[in-house]
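Report on the structure
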Amino acid sequence: MASVLWFQGGACSGNTMSFLNAEEPNVVDLIVDFGLDLLWHPSLGMELGSQAQTLFNDCATGKRPLDIFVFEGTVIEGPDGTGRFDMFADRPMKDWVTELAAQAQIVVAIGDCASWGGIPAMEPNPSGSTGLQFHKRERGGFLGPDFRSQMGLPVINIPGCPAHPDWITQVIVALATGRAGDIALDELHRPETFFKTFTQTGCTRVQFFEYKQTTTSFGEGTRTGCLFYEFGCRGPMTHSPCNRILWNRQSSKTRAGQPCMGCTEPEYPFFDLAPGTVFKTQKVSGMIPKEVPEGSDHLTYMAHAAAARIAAPQWSKEDMFVV
Ligand code: SF4
Ligand code: SF4
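Residues numbered from 1 in each chain as written. Chains lettered and ligands numbered in written order. Predicted model: local features only at pLDDT ≥ 70, side-chain atom pairs only at ≥ 80, totals over all residues. Heavy atoms only, no water.

1. Brief notes about the packing of aromatic side chains
For the structure shown, the criterion picks out 23 aromatic pairs. For the pair F209 and F228, a centre-to-centre distance of 5.6 Å together with 75 degrees between the ring planes defines the contact as edge-to-face. With F209 in helix α8 (residues 206-210) and F228 in the loop between α8 and β12 (283-284), this residue pair connects regions lying 19 residues apart in the sequence. Here F209 matches F228 in class, with each residue buried. On the numbers, 5.8 Å between centres and 70 degrees between planes, the contact of F218 with F279 is edge-to-face. Of this pair, F218 sits in the loop between α8 and β12 while F279 is found in the loop between α8 and β12, placing the two residues 61 residues apart along the sequence. An aromatic cluster of three or more residues is present, and its members are F7, W40, F56, F69, F71, F88 and W96. Positioned above the aromatic ring of F209 is the side chain of K212, whose terminal nitrogen or guanidinium carbon lies 4.1 Å from the ring centre. Above the plane of the ring of Y229 lies R309, whose end atom (NZ or CZ) is 5.9 Å from the centre. (Phe/Tyr/Trp six-rings, centres within 6.5 Å; stacked < 30°, edge-to-face > 60°. Helix = DSSP H or I, 4+ residues; strand = E, 2+ residues; numbered from the N terminus. Buried < 20%, exposed > 50% of the residue type's maximum accessible area, 1.4 Å probe, protein only. Lys NZ or Arg CZ within 6 Å of the ring centre and 35° of its normal.)

2. Points about empty space enclosed by the protein
By the definition in use, this model includes 1 cavity of 30 Å³ or more. As a volume, the largest cavity reaches approximately 100 Å³. Lining the largest cavity we find 14 residues, and of these Q200, C203, C226, C233 and T254 sit closest to its centre. For the lining of the largest cavity, the per-class residue count stands at 8 nonpolar, 5 polar and 1 charged. (1 Å grid on protein atoms, 1.4 Å probe; cavity = no way out; pocket = protein on both sides within 12 Å on 5 of 7 lines; lining within 4 Å. Points joined across faces, edges and corners; volume = space filled by probe spheres on them. Nonpolar A, V, L, I, M, F, W, Y, C, P; charged D, E, K, R; others polar.)

3. Some remarks on the UniProt feature "binding site: [3Fe-4S] cluster" (unreviewed entry) in the chain
As recorded in UniProt, the feature "binding site: [3Fe-4S] cluster" (unreviewed entry) lies at C242, C260 and C263. Spatial clustering of the annotated residues is evident: they stretch over 22 residues in sequence, but the largest pairwise C-alpha distance comes to 10.7 Å. Among the structural elements, C242 can be located in the loop between α8 and β12. Apart from residues lying up to four places away in sequence, C242 is in contact with W167, T199, W247, S251 and S252. Along the polypeptide, C260 turns up in the loop between α8 and β12. The buried category is assigned to C260, whose relative accessible area is 8%. (UniProt positions renumbered as here; feature names shortened; annotations may be inferred. Contact = heavy atoms within 4.5 Å.)

Pasting the structure below:
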């Protein structure tokens, strides 16, 4: 049995909601079939008051072995480095994090906030929020760049706002069944199995992207073009499997006509854009996208785009109704 302790820092509980919505396996399956010993979770834990405090203390001091420490939300360091903006069980949450992370065999950050600070860590960052081992794209975060868990692993980041239920449960199952060593991580400590490909992989609009044909409206509507050219879709610059592992087993943002906002990347949310320009492709000289798909440069992209537009077949320019 693998013991799991799940704490929340500066969080909206979105990743807990996602976790509770998992279906294959669901939370009960994790406990019954996969041997998860869920010691405590903010929404599921039965212990209260001094009972809970004793449990946390036992884990923090090593009296009770802790296999997996899951953290959701930012580590709050304010005001002035005291962490007193986020008190939990009579102590700053950041002190619990320091001690529990030091005892745990494996530490997992769930969601953007725990991975790299997310929305709360945006400037001016009044709460002093940061991620467990990254602050935005910069290594370090709360635990520092050299942190390693008892098993010798860095913090495993499962970003997203929120993370998809399957990304959470499948990583937890792999860890709980002793397969931590099989999880290859990218340079941002994200499991490659989920985050090596782009959101664009599997998008049903990708043929319109190829011929540089834009949609003219949000939603599924009648125009099936791509959301990159006018609506700011970040699918070609974002690492996520949202069009491979569908949400609710049915769809994704881009399939439903909503641009990808890049929520699995450390820079999310991209609100440094000018007011009123969210969901609007930022352009240079009014026509060239400011950011081109990852792996391309502006010149190559423009040459390719011009050729693709000339070669665009009639079907790519027609309104079509898709269900
Ligand atoms: S809608 Fe977004 S993800 Fe889909 S093809 Fe266009 S740019 Fe790529
Ligand atoms: S489509 Fe983009 S914004 Fe939406 S969940 Fe996936 S990565 Fe996040």
